[in-house]
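Fold and contact review
So the chains spell out like this:
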Amino acid sequence: MANSVSVEVRGLRVGRGGRELLHGIDAGIPEGRITGLIGPSGSGKSTFIRALVGVQRISGGSVTVLGHPAGSPVLRTRVGYAGQTAAVYPDLSVAENLRYFAAVRGDDPGEVARVVSMVGLEGYENRVTALLSGGQRSRVGLAAALLGRSRLIVLDEPTVGLDPVLRGELWQLFRDLVADGTTVLVSSHAMDEAARCDELMLLRAGRLLFHDTPAELLRRTGEPDAERAFVHLVAREATPEVAV
Ligand SMILES: Nc1ncnc2c1ncn2[C@@H]1O[C@H](COP(=O)(O)OP(=O)(O)OP(=O)(O)O)[C@@H](O)[C@H]1O
C-alpha cells in the first residue's frame, strides 16, 4: 500500500458570491487509493474539487497536486477530471468528442477505443452525444477523464443517475485504476457509497468532519453504517464536549 500523498491541502479557504464556502481545510489525499469525498448537497464537494483541479479561485491556503500548485500547466496531462455536468460537445459523436480531447492532450488516438470500452460505451461510438441518456453522457465525460492514463483521476458525483449494475461496474473500474497505481478521488452525496472507498473525507457546511478509513469511521462512532456515523458526527459537533 502506498504511503505518499498525491494531493496536499493546507488551510484551504474559498469564497464565492460574498460567502465563505470552505473554511480552512487541511487534508492529504493518499496515492494509489480511492478517496471518497462524501457530504450532503451544498456541503462544498464541487467547490473543493474545483480548487483541486485549478478552476476555482481560492481565498486562502494552498493546494498542491502531484508536487505542483493546483492548476499548473504540467498537471494537464497528469490529472483527469470529470465535473458534474459532462463537458462534451452535444453535436459531436462519442468518438468525435473523445478523439478531439485526445488530440488536445496529445494522446495516442488508440486511447479512444480503450476508454470507450472502460466505460462500457461500445456500440455507441458513432451516436451523437445529444441523443444519449444523461447517464450515458456522463460516461462520455468520464471516458474523457480516463484518456492518457492520468496519475490522478478526480470525478464529481460520477455515479449519479446510474442504475445499480452500472454503479457497481463503475466502482469496479475505480478498483482497477487503483490496482494500476492511479489515485482516484470521487465525490458522492450517497452515504452508502462510503463503504466502497479506501479513505473517506466527510464534508459538512464547508468543513471536514472526518478523514480516515470507513472502518475507523464506524469504530470511532460505534455506528453500524456510514449514514448513521455521519449523523453521529454532526450531533457530536453540536455538543463538542461529548467525546467518542
Ligand atoms: N457560483 C456560486 N456563487 C455563490 N455560491 C455558490 C456558487 N456555486 C455554489 N455555491 C454555493 O456553494 C455551496 C457549496 O456548493 P457545492 O456545489 O460545492 O456543493 P456540493 O457539495 O458539491 O453540492 P451538490 O452535491 O449539490 O453538488 C452551496 O451553498 C452553494 O449554494
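Everything here concerns the structure above.
Presented here is an overview of the structure given in this document. (Residues numbered from 1 in each chain as written. Predicted model: local features only at pLDDT ≥ 70, side-chain atom pairs only at ≥ 80, totals over all residues. Heavy atoms only, no water.)

**Some details on the site of the ligand**
Surrounding the ligand, one finds 13 residues, the nearest of these being Ser41, Gly42, Ser46, Thr47 and Gln84. Between the ligand and the protein, one listed contact pairs an oxygen atom with a side-chain N or O atom of Lys45 at 2.8 Å. One of the side-chain N or O atoms of Glu157 is found 2.8 Å from an oxygen atom in the ligand. In isolation the ligand exposes 640 Å². Once the protein is present, 66% of that is buried. Only strand 2 (19-30) and helix 1 (45-52) provide two or more residues apiece to the shell around the ligand. For the shell around the ligand, the element with the highest residue contribution is helix 1, accounting for 3 residues. Across the shell around the ligand, the residue classes tally to 2 nonpolar, 7 polar and 4 charged. (Near = heavy atom within 4 Å. Polar contact = N/O pair within 3.5 Å; in protein donor to acceptor, adjacent residues only side chain to side chain. Areas by Shrake-Rupley, 256 points an atom, 1.4 Å probe, with all protein chains shown as cover. Helix = DSSP H or I, 4+ residues; strand = E, 2+ residues; numbered from the N terminus. Nonpolar A, V, L, I, M, F, W, Y, C, P; charged D, E, K, R; others polar.)

**Considering the environment of Tyr81**
Mapping Tyr81 onto the fold places it in strand 6 (residues 79-82). We classify Tyr81 as partly exposed; its relative accessible area is 32%. Spatially, the C-alpha atom of Tyr81 lies 9.1 Å from that of Ile49, the residues being 32 residues apart in sequence. Apart from the residues within four sequence positions on either side, Tyr81 is in contact with Ile49, Arg50, Val53, Ala145 and Val154. (Buried < 20%, exposed > 50% of the residue type's maximum accessible area, 1.4 Å probe, protein only. Contact = heavy atoms within 4.5 Å.)

**Remarks on the nonpolar core**
Core analysis: the biggest nonpolar cluster contains 45 residues, and Leu98, Leu146, Phe174, Leu202 and Leu217 have the highest contact counts within it. Among the elements that make up this core, the one with the highest residue count is helix 5 (residues 164-179) (7 residues). For Leu98, the residues in contact, after removing those within four places along its chain, are Val112, Val115, Val116, Val140, Ala143, Ala144 and Leu147. Core analysis: the next-biggest nonpolar cluster, separate from the first, contains 24 residues, Leu22, Ala27, Leu52 and Leu75 among them. (Core = buried A, V, L, I, M, F, W, Y, C linked by side-chain atoms within 4.5 Å.)

**Examining unusual backbone geometry**
In this model, Leu66 sits at a positive phi of 50°, which is unusual for a non-glycine residue. Residue classification places Leu66 among the buried residues on the basis of a relative accessible area of 13%. Phi angles above zero are rare outside glycine, and Glu157 is one such case at about 50°. Assignment of secondary structure puts Glu157 in the loop between strand 7 (152-156) and helix 5. Judged by relative accessible area, which is 11%, Glu157 ranks as buried.

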